Amino acid sequence: MNYHPTAREVKRNLEEKLARHFGCTAAEASADQMYRAAALTVKDILTEKRSEFKKKINRTGSKRVYYMCMEFLLGRSLKTNLCNLGLATEYKQALGTLGFSLEDLYEKEPDAGLGNGGLGRLAACFMDSLASLDYPATGFSLCYEYGLFRQMIVDGMQIELPDEWLPGGEVWLTPRSDRVYRVHFGGHVKEEWVNGHLEIRYEGGEDIDAIANDMMISGADSEGVTQLRLWRARSAQDFNMSLFAKGQYAQAMTNDNNADILAKVLYPSDHHIEGKFLRLSQQYFLVSASCQSIIRDHMAVYGTLDNFADKVSIHINDTHPAMCIPELMRIFMDDYHFDWDKAWKIVTETVSYTNHTVLPEALETWNEELFALKLPRIHMIIKEINERFCREAWKFYPGNWNTISKLSILGYNQVRMANLSVVGSHHVNGVSALHSQILKDTVFKDFYRMYPERFDNVTNGIAHRRWLVYSNPELAALLDECIGTGYRKEPERLSDFTKFADDPQVLQRLRDIKHRNKVNFANHYFAKTGKHLDTHSLFDVQIKRLHEYKRQLLNALNIIGLYLDLKENPNLDVQPQTFIFGAKAAPGYDIAKRIIKLLCMIGKDIESHPKIAEKLRLVFLENYDVSTAELLAPAAEISEQISLAGKEASGTGCMKLMINGALTIGTLDGANVEMQAAAGAENMFIFGLTANEVEELWARGYNPAQYYASNERLAHIVNYLNTGFAGESFSDIASYLLYGHGVADPFMCLADFESYRTTHTEAVEAYRDKARWNKMSLHNIAAAGFFAADRSIKEYADRIWHIKRLTGVK
């Protein structure tokens, strides 16, 4: 097949797809039909490329990595795949001759509803880099029908609506009816020795079939195509015709409904027992189907499992897929009759684990009784893993029951998934240098003493081609002109851009490009909302999940202070600023939803004063998503990375904004530490307590009221929360900061406020010096190469997965 068709060939392919799938000509086709035709032609190319790449993998006996993650935040596929394939120009020309605009077709595609935040976006970036670097790789997740949710803001309140992405996104999926695997839930386990091995039978319970749906992800200028396998659920029980015939339709459909619910929604609310059962079922469904698929593919090539660990690496991205450890044990022992020691050796040489959080509430645990009820065989295996591990830990920590209790996988009626992940993996890594050190010093301190060789760091990275080259083509063109195109495949070459730090012509072009990107975003915002943005104001951007530790509230407190200054004197000579927020709060996260409402009401109150709104705006972007980020990142000028030090594992939004020339205001947290080292302290605005200082302050006894009492401006701001905005008091947030619900101001907004405020003022003053600002922006772009996913993937491949690139291999 021709992987690089001419514009004429593309036109013919499009016309053939329209005729075959929609029974129409190009003249009769709607834009939606033409988008689908374009997607189908691209999918044909990717499928054929993947087939050829897979043949090479099999022929060379190459080791493969399988990347399991509960979410992949892919965004749109058409633009990225065309750009990676180098076919955007041919498609633009072909569509033009047929009366269509490629840019308009891009807008027809919904963002794939398969992810939520940084975890899913990281996984998507890694799929891109794995393909671009020609590594043999497959991703696994669930094919969510509705994704997380579509956010609607009504009177400042977040309303969750279904994210119906499949009608426009399903065109990228290839259903695989030949890849169906059965997953068992519940019932009772019966053990029986037969011919010298243990036979496992189930009585009762429910079987659900996992049906593979494959999505292909193109590499850039490479042979590689990554396969993302997404599982849909279907009942394995026979349809109850008897009940249906009696008119008992709901009862007849029970089995189908139970299966259908499994992949409906990403991260269903678990504030009730049904939600906990559903989340647990989703996680086991993912790992069971994926492990069966991996073993089936391995056996098809090699016919033996003796070399499994030599040919397979399974990576669990956070603890959601941790049950792949006992599930592999189950398959090896129950289906292939391996003894425990042989099975355990293979599993622990195969599985590796990335931790993404130090927050105690995010280190997953399950009620043990619930777990045993839903997954009785897996519970039996985990009990045995835990018993053997505790015996080992006893030798290392003799007589130290407290330590062993903390390390135990089972304890206090809980199943601790992070502990299971560490015990069953050969490598455990954090995602920034600071985060990895915190894991060794605190969260996994006692594990680290037992297994120091297991712990490593791989700092996160982003798909730099997508977030720079494709999202900011004018900046990419300037880079091409100044340093050549080598950085597209070797991002470390971006450092060559520093040679132009004193070139006034380049700095002016950098400024002009930023302004045109601001205009582009403002036009997008106007088309969505009918509201104008001042493109000559400073665009100050905070885009990330709404969580207390990310401290959107700290940003809000500073904005309130600026607003009160202007209310007191609307004629103040200040730099106009537009604060832009994009964030979703988890449906059951009440304080996060209140912070969203606070932001929206501040913005609304400001708009009621037109003179003030000329100098200060607060914009909350409804239903912020990847496609919005691709427009906003090139337009951003200040990047808010203001989490409480020691709480953000890494962050990747910070990298997307940095590579597009935004300057960071941030704490020494997550990847900010390494960004500062790369770009230079003089090119960032660092404030606040360090991670060690935070711990010391907690140890001394943090009292936010002291900061309130000693800072007149801060007290005025907090008091004004009681007065409120746009007619609504936010006294509950004032109480949260001063008195709390158990712990006052748990993420130290008041402790860091004054440092943040003064640093923000310094940044705004620096912005007024255009030459200085543009030079700082250039240094950030030049330093961003280290934070490319290509570098991250090479580190995983070399140090953790031990896989090799197939570039140029015959």
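Everything that follows concerns the structure shown earlier in this document.
None of the values given here were measured: they were computed from a predicted structure. (Residues numbered from 1 in each chain as written. Predicted model: local features only at pLDDT ≥ 70, side-chain atom pairs only at ≥ 80, totals over all residues. Heavy atoms only, no water.)

Another point: the overall build of the protein chain. When you go through the protein chain residue by residue, the secondary structure sums to 36 helices and 22 strands. For 810 residues, the compact-globule estimate of 2.2 N^0.38 gives 28 Å, and the protein chain sits close to it at 27 Å. Split into buried and exposed, the 810 residues of the protein chain put 60% on the buried side. Side chains of the protein chain carry 91 positive and 103 negative charges; the gap between the two charge centres is 3 Å. (Helix = DSSP H or I, 4+ residues; strand = E, 2+ residues; numbered from the N terminus. Rg over C-alpha atoms; globule rule 2.2 N^0.38 Å. Buried < 20%, exposed > 50% of the residue type's maximum accessible area, 1.4 Å probe, protein only. Lys, Arg positive; Asp, Glu negative; His and termini not counted. Charge placed at Lys NZ, Arg CZ, Asp CG, Glu CD.)

There is a patch of nonpolar side chains on the surface, built from Val154, Met157 and Ile159 and spanning about 220 Å² of accessible area. Mapped onto the elements of the fold, valine 154 is located in strand β3 (residues 150-154). (Patch = residues over 30% accessible without salt bridge, like charges linked within 9 Å, V, L, I, M, F, W, Y side chains within 5 Å. Areas by Shrake-Rupley, 256 points an atom, 1.4 Å probe, with all protein chains shown as cover. Salt bridge = Lys/Arg side-chain N within 4 Å of Asp/Glu carboxyl O.)

Summed over the entire model, instances satisfying the criterion amount to 27 aromatic pairs. An angle of 20° between the planes, with centres 6.0 Å apart, marks the rings of tyrosine 66 and phenylalanine 140 as stacked. Here the residue tyrosine 66 occupies a position in strand β1 (residues 64-68), and phenylalanine 140 occupies one in strand β2 (residues 137-142), the gap between them amounting to 74 residues. Each member of the pair, tyrosine 66 as well as phenylalanine 140, carries the same accessibility label: buried. When the centroid spacing of 5.5 Å and the interplanar angle of 80° are considered together, the rings of phenylalanine 308 and phenylalanine 332 count as edge-to-face. With phenylalanine 308 in helix α12 (residues 308-311) and phenylalanine 332 in helix α13 (residues 324-335), this pair connects stretches of sequence that are 24 residues apart. Taking the relative accessible area as the measure of exposure, phenylalanine 308 reaches 0% and is therefore buried. Pairwise contacts between aromatic rings join Tyr67, Phe72, Phe126, Tyr796 and Trp801 into one cluster. Seen from the ring of tyrosine 767, lysine 770 lies directly overhead, with NZ or CZ sitting 3.5 Å from the centre. (Phe/Tyr/Trp six-rings, centres within 6.5 Å; stacked < 30°, edge-to-face > 60°. Lys NZ or Arg CZ within 6 Å of the ring centre and 35° of its normal.)

The next point concerns the side chain of histidine 427. Summarising the element assignment, histidine 427 is placed in strand β15 (residues 427-430). In this structure histidine 427 touches Val351, Ser352, Tyr353, Glu453, Arg454, Asp456, Arg799 and Ile800, once residues within four positions along its chain are discounted. (Contact = heavy atoms within 4.5 Å.)

Helix length check: helix α1 (residues 7-22) (16 residues) gives 22 Å between terminal C-alpha atoms against 22 Å at 1.5 Å per residue, within 8%. As for α1, its buried residues are in contact with α2 (31-60) and α4 (88-97). Phi for glycine 23, located one or two positions after α1, is positive at around 60°. (Expected span 1.5 Å × (residues − 1).)

Formed by 203 residues in total, the largest nonpolar core has its most connected members in Leu14, Tyr91, Trp231, Phe285, Phe332 and Phe497. Counting residues in hydrophobic clusters, the runner-up holds 71 residues, among them Ile642, Leu663, Val718 and Tyr720. (Core = buried A, V, L, I, M, F, W, Y, C linked by side-chain atoms within 4.5 Å.)

Turning our eyes to something else, we now look at the sheet that holds β1. Taken in spatial order, the nine strands of this open sheet run β5-β8-β9-β2-β1-β10-β11-β15-β16, and their pairing is mixed. Only two strands of the sheet have a single neighbouring strand rather than two, namely β5 (174-185) and β16 (455-457). Sheet twist, expressed as the average angle between the axes of neighbouring strands with direction ignored, equals 25°. Where β2 lies against strand β9 (residues 225-235), five bridges are found, and the strand directions are parallel. Bridge pairing links threonine 138 to glutamine 227 in β9. Across the sheet, α13 touches β1, β10 (312-317) and β11 (351-354), and the angle it forms with β10 is around 145°. Against the sheet, helix α14 (residues 340-350) touches β10 and β11, its axis set at about 40° to β11. (Pairing = 2+ DSSP bridges. Axes fitted to C-alpha atoms, helices over the stretch in contact; angles between N-to-C directions.)

What follows covers the pattern of salt bridges. Should the charged atoms of two oppositely charged side chains come close, the side chains can pair. Considering all chains together, one arrives at 48 salt bridges under this definition. Across the salt bridge formed by aspartate 260 and lysine 264, the nearest N and O atoms sit 3.2 Å from each other. In this structure, arginine 388 engages glutamate 384 in a salt bridge whose closest nitrogen and oxygen atoms are separated by 2.7 Å. Highlighted residues: arginine 388 and glutamate 384, both in helix α16 (residues 376-396), separated by four residues, approximately one helical turn. For arginine 388, a relative accessible area of 31% corresponds to the partly exposed category.

In this section: the environment of serine 627. Within the secondary structure, serine 627 is located in helix α27 (residues 626-632). In sequence terms serine 627 and glutamine 227 are 400 residues apart; their C-alpha atoms lie 22 Å from each other. Among residues more than four places away in sequence, those in contact with serine 627 are Arg76 and Asp111.

Here tyrosine 756 lies in helix α34 (residues 749-768). Tyrosine 756 sits in the buried class, given a relative accessible area of 0%. Tyrosine 756 sits 499 residues away from asparagine 257 along the chain, and the two C-alpha atoms are 51 Å apart.

So, about the environment of aspartate 32. Among the structural elements, aspartate 32 can be located in helix α2. A C-alpha to C-alpha distance of 7.4 Å links aspartate 32 and leucine 105, two positions 73 residues apart in sequence.

The next subject is the sheet that holds strand β22 (residues 685-686). With respect to topology, six strands assemble into an open sheet ordered β19-β18-β17-β20-β21-β22, the strand pairing being parallel. The sheet terminates laterally at β19 (616-621) and β22, the two strands that pair on one side only. As paired strands, strand β17 (residues 538-543) and strand β20 (residues 638-641) are joined by two bridges and run parallel to one another. Bridging across to β20, aspartate 540 finds its partner in isoleucine 638. The sheet contacts of helix α24 (residues 552-568) involve β17, β18 (577-582), β19 and β20, and relative to β18 the element is tilted by about 150°.

Because side chains alternate across β11, one face comprises the buried residues Val351 and Tyr353, and the other comprises Ser352 and Thr354, equally buried. Inspection of the sheet shows β10 paired to β11 by four bridges, in the parallel sense. By the bridge assignment, isoleucine 314 is partnered in β11 with valine 351. Note: β11 against β15, three bridges, orientation parallel. Counterpart to threonine 354 in the pairing with β15 is asparagine 429.

Further remarks concern the packing of helix α22 (residues 473-483) against helix α23 (residues 504-529). Orientation of α22 relative to α23, taken along the N-to-C sense of each, is 160°, at an axis distance of 9 Å. When the axis of α22 is compared with that of α23, the two are roughly antiparallel. When the axes of α22 and α23 are compared, the crossing they make is right-handed. Every residue of α23 that contacts α22 at Glu474, Leu475, Leu478, Glu481 and Cys482 is listed here: Val506, Arg509, Leu510, Ile513 and Arg516. (Parallel < 35°, antiparallel > 145°, perpendicular 65-115°, else oblique. Left-handed = near helix turned anticlockwise from the far one by under 90°.)

Turning to α22, a few remarks are in order. Among the residues of α22, Leu475, Ala476, Leu478, Leu479, Cys482 and Ile483 are the ones counted as buried. Seen along its axis, α22 keeps its buried residues to an arc of 160°; they face one direction. Exposed positions of α22 whose direction lies more than 90 degrees from the buried face are Pro473 and Glu481. Elements that come into contact with the buried residues of α22 comprise α21 (464-470), α23, α28 (653-659) and α35 (770-783). Looking one or two residues beyond α22, the residue adopting positive phi is glycine 484, at roughly 85°. (Arc of directions from axis to C-beta.)

You can see lysine 647 is positioned in the loop between β20 and α28. Excluding its chain neighbours within four sequence positions, the residues that come into contact with lysine 647 are Val358, Leu359, Tyr549, Asp669 and Phe747.

Turning to unusual backbone geometry, a few remarks are in order. Leaving glycine out, the prevailing phi sign among residues is negative, and the prevailing peptide bond configuration is trans. In this structure, tyrosine 412 takes a positive phi of about 55° despite not being glycine. Mapping tyrosine 412 onto the fold places it in the loop between β13 (410-411) and β14 (414-416). A positive phi angle, near 60°, is found at arginine 551, a position not held by glycine. As for its placement among the helices and strands, arginine 551 is situated in the loop between β17 and α24. Judged by its relative accessible area of 1%, arginine 551 is buried.

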